[in-house]
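# Structural description and commentary
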Amino acid sequence: MINESIRKLIVYGLETGLISKEDEIYATNLILDVLKLDEYEEPAQEVSDVDLESTLAELLDYAFENGIIEDNGVTMRDLFDTRLMNCLMPRPNEVIRRFYELYEKSPSEATDYFYKLSQDSDYIRRYRIAKDIKWKTDTPYGTLDITINLSKPEKDPKAIAAAKTAKQSGYPKCLLCKENEGYAGRMNHPARENHRIIPITIQGKKWGFQYSPYVYYNEHCIVFNGEHTPMKIDREAFCKLFDFIQLFPHYNIGSNADLPIVGGSILSHDHFQGGNYEFPMVRAEYLEKFTLKGYEDVECGIIKWPLSVIRLRCEDSERLIELSDYILKQWRAYTDEEAFIFAETDGEPHNTITPIVRMRGDIYEIDLALRNNITTEECPLGVYHPHNELHHIKKENIGLIEVMGLAVLPARLKDEMNLLTEYLLEKKDVRSNETLAKHGDWVDEVLAKHPDLGKENVNDILREEIGIVFMKVLEDAGVYKMTDEGLAAFRRFIEKL
């Protein structure tokens, strides 16, 4: 049985091009070593169209049953199957050489190759990504993209316990550091033996280009500084974004803000996120345009979007860098007490920007989302953060991806919505269930809005209403609301420019 499973993994490597015929014996022997086997007899029966998930499951089961791995939890299995996949992996220099050979033909051919490799290697686990739940919701701002992310595994209890007692390591310093490439991992750090990084030059410095293992959208890439240095939004950050877009004009690229609450989950390492995906924000139209003195050649405007976004367009990227830097500096120092916008309180800065850059034909375009992370006693998580009544759906910070109109909702919602469907159809009291009680007020609103709710439409209604909650989440994150009062305050800032 184990020989058949080993052979299937080898055939998978051949079918995907991870290995060639000349690598076959070598790769087989590497797998034998990982499985602590001394001999191998090739099965007589030929195999083809190998399913990777089931093949790895067979090898993992063998490893657990024979004491090669200590437990059968998802964390240990992920560490071990990454070791197995490494037996099929080309060396980093081979990947880099092939990438740049293709780049000479076109940037998109190079990224197509690298994205396929990152999936074939199981660094991006296709079979987990396929489980993500996705739909679209129409709103006054356009269609928003909603996802319930199921591809990032939750740690099992044994892994959590082991991580608490494990020796703390500072290597790699974080999940983005270049030292992750080839790292075997541990119970509190994922294995990255099947991970590859493409070196690129940004602003004359060494950076890395890779894909996210959880790909929240098509070709979800991460671009990171070769040095472990904190994120900062400034003129240089704008220069870096435009450097990247000139290297890969078929991609978009953006940065999380550089302050807590409105920033990303990793502020300690300078990085951007991009990809080959049309986010809902891209389709947002100008609500009104304006002209700034000295920048008459730049198209400027406020776009119709739940967050407060200034869009700039020009054929000259240097002009956009100059103007973006000017707007950032003005926003950093801007206070409007009437609109409850404070540049700082007690010496703590609050204003920053989430920037996104893209090409539209021959025109460069940058969206500047104005952010503020002030907190109050009533809103300890942030005034411009999802408010309490929305936390039953989304409590986490609103980062770059959500700013652009793609909801990344917690995995718990899958089971909660299934259970909620049962309660609604059987007319049970939602508040009687500990898991569902937090949805009680929202359910009352949904039922009042949809008196026709029934078996045929309950799933569609719940998805639509979750999408509307996400729209409200984005509205909460907007420093200026799309109301007469909010737009008047927005214009006051524009007039100061």
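It should be noted that the structure appears before, not after, this text.
All of the points below concern the structure found in this document.

Rules used in this analysis
- Residues numbered from 1 in each chain as written.
- Predicted model: local features only at pLDDT ≥ 70, side-chain atom pairs only at ≥ 80, totals over all residues.
- Heavy atoms only, no water.
- Helix = DSSP H or I, 4+ residues; strand = E, 2+ residues; numbered from the N terminus.
- Buried < 20%, exposed > 50% of the residue type's maximum accessible area, 1.4 Å probe, protein only.
- Contact = heavy atoms within 4.5 Å.
- Polar contact = N/O pair within 3.5 Å; in protein donor to acceptor, adjacent residues only side chain to side chain.
- Salt bridge = Lys/Arg side-chain N within 4 Å of Asp/Glu carboxyl O.
- Expected span 1.5 Å × (residues − 1).
- Disulfide = S-S within 2.5 Å.
- Core = buried A, V, L, I, M, F, W, Y, C linked by side-chain atoms within 4.5 Å.

## Re the side chain of Glu402
Note on placement: Glu402 falls in helix α11 (residues 400-403). With relative accessibility at 8%, the residue Glu402 sits in the buried group. When residues no more than four places from it in sequence are discounted, the contact partners of Glu402 are Lys394, Asn397, Ala407, Val408, Phe470 and Leu474.

## Some points on the environment of Asn180
You can see Asn180 is positioned in the loop between α8 (157-165) and β3 (198-202). For Asn180, a relative accessible area of 2% translates into the label buried. C-alpha of Asn180 to C-alpha of Pro190: the two residues are ten residues apart in sequence and 9.0 Å apart in space. The contact partners of Asn180, leaving out residues within four places of it in the chain, are Pro172, Cys174, Leu175, His189, Arg192 and His195. Here the side chain of Asn180 touches Leu175 through a polar contact of 3.3 Å, landing on its backbone oxygen. One polar contact links Asn180 to His189, side chain to side chain, over a distance of 2.7 Å.

## Regarding the pattern of salt bridges
The full count for this structure, using the stated rule, is 40 salt bridges. In this structure, the salt-bridge partner of Glu365 is Arg313, at a minimum N-O distance of 2.7 Å. Pair noted here: Glu365 is in strand β14 (residues 363-372) and Arg313 is in strand β10 (residues 309-314), with a separation of 52 residues, a long-range link. With a relative accessible area of 22%, Arg313 lands in the partly exposed category. The salt bridge involving Arg492 is made with Asp336; its shortest N-O contact spans 2.9 Å. Residue Arg492 is found in helix α15 (residues 484-496), and its partner Asp336 is found in the loop between α10 (317-332) and β11 (344-345); the two are separated by 156 residues along the sequence.

## Here's the deal with α10
For α10, built from 16 residues, the straight-helix expectation of 22 Å at 1.5 Å per residue is met to within 8% by its first-to-last C-alpha distance of 22 Å. Residues Ser317, Arg319, Leu320, Ile321, Leu323, Ser324, Asp325, Ile327, Leu328 and Trp331 constitute the buried set of α10. Looking at the buried positions of α10, the neighbouring elements they touch are α9 (235-247), β9 (299-303), β10, β13 (351-360), β14 and α15. Residue Asp316 occupies the N-cap position of α10, its side-chain oxygen lying 2.9 Å from the main-chain nitrogen of Glu318.

## A word on the state of the cysteines
In this structure the tally under the stated criterion is zero disulfides. With no disulfide of its own, Cys174 lies closest to Cys177 among cysteine sulfurs, the gap being 3.8 Å.

## A short note on the nonpolar core
Nonpolar side chains tend to gather and get buried jointly when the protein is soluble and globular. With 100 residues, the main nonpolar core has Leu35, Phe209, Phe244, Leu312, Ile327, Tyr480 and Phe493 as its most contacted residues. Setting aside its immediate chain neighbours within four residues, Phe209 contacts Phe99, Thr111, Phe114, Ile197, Ile198, Ile200, Cys221, Ile222, Val223, Phe224, Phe244 and Tyr251. Counting 50 residues, the second-largest nonpolar core is a separate cluster that includes Ile146, Met281, Val309 and Val408.

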